[in-house]
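Residues per chain, in single letters:
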Amino acid sequence: MRVFLVFLLGILLTNQPMKAQTPSKPSSSEIYHSIQKLNFLGSALYIAAHPDDENTRMIAYLSNNTKARTGYLSLTRGDGGQNLIGPELRELLGVLRTQELLAARHVDGGEQFFSRANDFGYSKHPDETLKIWNKDAVLSDVVWAIRKFQPDIIINRFDHRSPGTTHGHHTASAMLSFEAFDLANNSNLYKEQLKYVEPWQPKRLFFNTSWWFYGSQEKFEKADKSKMLNVDVGVFYPSLGLSNNEIASIASSQHLCQGFGRLTTRGSENEYIELLKGDMPTDKSNIFDGIDTSWSRIKGGKAIGDILNKVEDNFNFENPAIHLPQLVEAFNLLQNTKNEHWKTLKSKELENLIVEISGLYLEVSSKDPISNPGGKADFVVEVLNRSSADMNLVSFGIPFLNSIENTNIVLKENEKHNFELSVQIADDAKYTSPYWLSEKGTLGMYKVNNQELIGKPETPRDVNAEFVLDINGTKFTFTKPVIYRSAQPDKGEIYQPFEILPVASASFKDKVLIFADGQPKTVPVTIKAHKNNIKGELQFCFSDGWKVDQETKSFTIEKKGDVQTVNFVLTPPDHEDESYISPIIKINGKTISKELATIDYDHVPLQSVLLHSEAKVVRLNIEKVGEHIGYIVGAGDAVPESLEQIGYTVHTIDVNAINSSSLKKYDAVVVGIRAYNVLPELRFKQKYLLDYVKDGGNLVIQYNTAGRRDRAYEDIAPFKLKLSRDRVTDENSPVEIIAKNHALVNFPNKIEEKDFEGWVQERGLYFPNEWAKEFTPILSMKDQGENATKGSLLVAPYGKGNYIYSGLSFFRELPAGVSGAYKLFANMLSTGKEKVDNEPKIKG
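All of these numbers come straight from a predicted model, not from anything done at the bench. (Residues numbered from 1 in each chain as written. Predicted model: local features only at pLDDT ≥ 70, side-chain atom pairs only at ≥ 80, totals over all residues. Heavy atoms only, no water.)

Caption draft 1: Summary view of the sheet that holds strand β3 (residues 111–114). Ordered in space as β3-β2-β1-β4-β5-β9-β6, the 7 strands form an open sheet in which the pairing is mixed. The sheet terminates laterally at β3 and β6 (228–232), the two strands that pair on one side only. Averaged over all neighbouring strand pairs, the angle between strand axes comes to 30°, with direction disregarded. Both strand β5 (residues 204–207) and strand β9 (residues 270–278) contribute to a ladder of 4 bridges, which runs antiparallel. From the neighbouring strand, Leu 205 faces β9, where its bridge partner is Lys 277. Across the face of the sheet, helix α7 (residues 168–183) comes into contact with β1 (43–48), β4 (153–156), β5 and β9 while running at roughly 160° to β4. (Pairing = 2+ DSSP bridges. Helix = DSSP H or I, 4+ residues; strand = E, 2+ residues; numbered from the N terminus. Axes fitted to C-alpha atoms, helices over the stretch in contact; angles between N-to-C directions. Contact = heavy atoms within 4.5 Å.)

Set out below in structure tokens:
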């Protein structure tokens, strides 16, 4: 891996979005940088828990200054986080964050790996984390990563010695790494892996410490640093025109869905790593000190090093192609060495360099972005040698599609060759989709049965093109992914992956359908065609007790990309019930039960994700008072749509339009999650919100964060209310109703302990820990081994109205169809209306 200079400068010097999937077109400086890395035979693996946990300064330093092969093992894909740029959550968020990590690695020069662990949300202790994750399975994945990557150096982002002081996932990642450091070399453990890899013993294990782990700069300055190494990660790279910390900042800024976009930095900056296992380097500024990282590391490598070091020492920036004979000679010598690990890695690097220094352009693009099993696909092939090197195109084709063309064409300098291929996709071709989502996993683990897939960031593409070239008398096989290339007037040339998808997919508009009474609802099912002229039947699957007007309906769609909506009428049972419905497409004797989710942002490649198509249906007996709800959108959630499911009319409120009279028309006003964190203008409208309450309104504030750079300001309530980082992470933890007689748990719905069953991911977060006497705490809850917290739901009368603050995770529970959460939220909106006629404030 290497830094893409043009890509970096494009971000720094222009405001254009990244063209995801665009092939690299390196400059001479970049090629020279790659040759320097070619001549370093050493590896470092950085280990942490989530996307954005990684220290991009250290990864960029190791990759670009030390020139080491550098990897980042993120145990999870960040599925349990939030999304600041779009609607993707859970599995889809994990796919997006995977791509953001890959984008970051393209910038800082690292490689990316994962385990099968699922980010199930915040965990207070590694014991809980490892229990939910299945410790042995994740430990085996860490051992697998070490054996496969063969790092000399491992660096943990977190401290394994401090359980309970930070996120349980963080500490667990360090604990697993600490244990795996020795286990990876034990041939009696995880023997099933040894079919593919060999035992491996890393040389050193470090902890990437800093003053933050000591509590303050002052404490860190006084700390014993005898086992610490100190490196300046602010070094400047003249050949790249960038400082290391500039590269790191750009890499970190790829985590856009987590709000990590930031300014670049420059100048000297120290990083400390503490030795945990292995020998201490004599030179404390050189992490690899005492480890042979030259070509002499492998038997037969010295002769290769003699050739390639001369290329590095005498590199011709004006005409890099002049070094092609030496690179080909080194490649041939490398094939005779016995170290399969370094042979494979360095052969690939040499192949890439041979393509780059000769300006060799190899591309296969599809005329259509998708095809289907059994379908036809047309491809355009482009081959161009932009050097004076002696080259022949022996053959090209797509082996997966049994398409090989023997050509034996002489590739003259700058003479382009174009070909066309028309092939048939196999009937049993696999769909394009993330491999870890193909089977249903557990709360803490994804299910992946194929050992060779474990750890890979993406599903390997089946449809790849192979070009066989004779260069200076040596045959090379270059593999390129098949892509789809197009142009848009407002974006220019766009590259995206070529996908294999089913001929059609079906999805429900709403993933949760709430039936607040026994009345039937029309349930639309959207069918999307991924092929021209499809005709079939759509079967509506449902559970006992539910009724549908017609189980199977026909459909016909003429054009690929078009959609058709088929409506079914679903009637719920008389009693409360939770179940699932699903659509099945039947075409020509084949069934399809998938829906297609597309993730499309400028900073990552387009992602096609096939998921099992289903929706949760909930029949509940729920009462509500009021009709029109004003909603101030914060960081983004699906609460408004959820409230509409139970009969409310929700109006989005423009913060800038709030004035002394604009809120009076609403039966209640709800402020979305983290609104005070992300809407600075809201503080200037606080007076109007509180006046609304004073005049008889009902104001519900959902959680805001505390102790962060975007923290909410203090005066969010009419009385003293101090936010904290208190949270209850166990979604099954007992909940005690401590204000049993309060209207909030009695009107219009009776709230009982059973209403807190079936919650997902957590109870809530950022609960207040101090409040004025005017507030009444409604609930008490706690995680195991902790003291109870009572700040999850607070209500205070203010003037003629009521102010409610809740840290309960309604933004997770309502979209998940949790019955008790709907009843409780309806009660919050109805607070203070026990003796008021249910007359809507907005008429008509």
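So much for the structure itself; the text now carries on.
Caption draft 2: Up close: the pairing of strand β35 (residues 668–671). On β35, burial covers both faces: Ala 668 and Val 670 on one face and Val 669 and Val 671 on the other are all buried. Across 4 bridges, the pairing between strand β33 (residues 628–632) and β35 is parallel. Bridging from a neighbouring strand, Tyr 631 pairs with Val 670 of β35. Alignment of β35 against strand β36 (residues 698–702), held across 3 bridges, turns out to be parallel. The residue of β36 that forms the bridge with Val 669 is Leu 699. (Buried < 20%, exposed > 50% of the residue type's maximum accessible area, 1.4 Å probe, protein only.)

Caption draft 3: Geometry of the pattern of salt bridges. Per the counting criterion, the structure on display carries 41 salt bridges. A salt bridge links Asp 152 to Lys 203; the shortest N-O distance between them is 3.8 Å. Within this pair, whereas Asp 152 is found in the loop between α6 (135–149) and β4, its partner Lys 203 is found in the loop between α7 and β5, the two being separated by 51 residues in sequence. Residue classification places Asp 152 among the buried residues on the basis of a relative accessible area of 0%. Relative accessible area serves as the criterion here: at 35%, Lys 203 is assigned to the partly exposed category. Between Lys 491 and Asp 602 there is a salt bridge, with its nearest N and O atoms 3.2 Å apart. Here the residue Lys 491 occupies a position in the loop between β18 (483–488) and β19 (492–497), and Asp 602 occupies one in the loop between β30 (594–599) and β31 (607–612), the gap between them amounting to 111 residues. (Salt bridge = Lys/Arg side-chain N within 4 Å of Asp/Glu carboxyl O.)

Caption draft 4: Structural context of helix α5 (residues 126–133). Regarding α5, the residues found buried are Pro 126, Thr 129, Leu 130 and Trp 133. All buried residues of α5 lie within an arc of 90° about the axis, which places them on one face of the element. Turned more than 90 degrees from where α5 packs its buried face, Asp 127 and Lys 131 sit exposed. If you follow the buried residues of α5, they end up packed against α6 and α7. With its phi angle positive at about 75°, Asn 134 sits one or two positions after the end of α5. (Arc of directions from axis to C-beta.)

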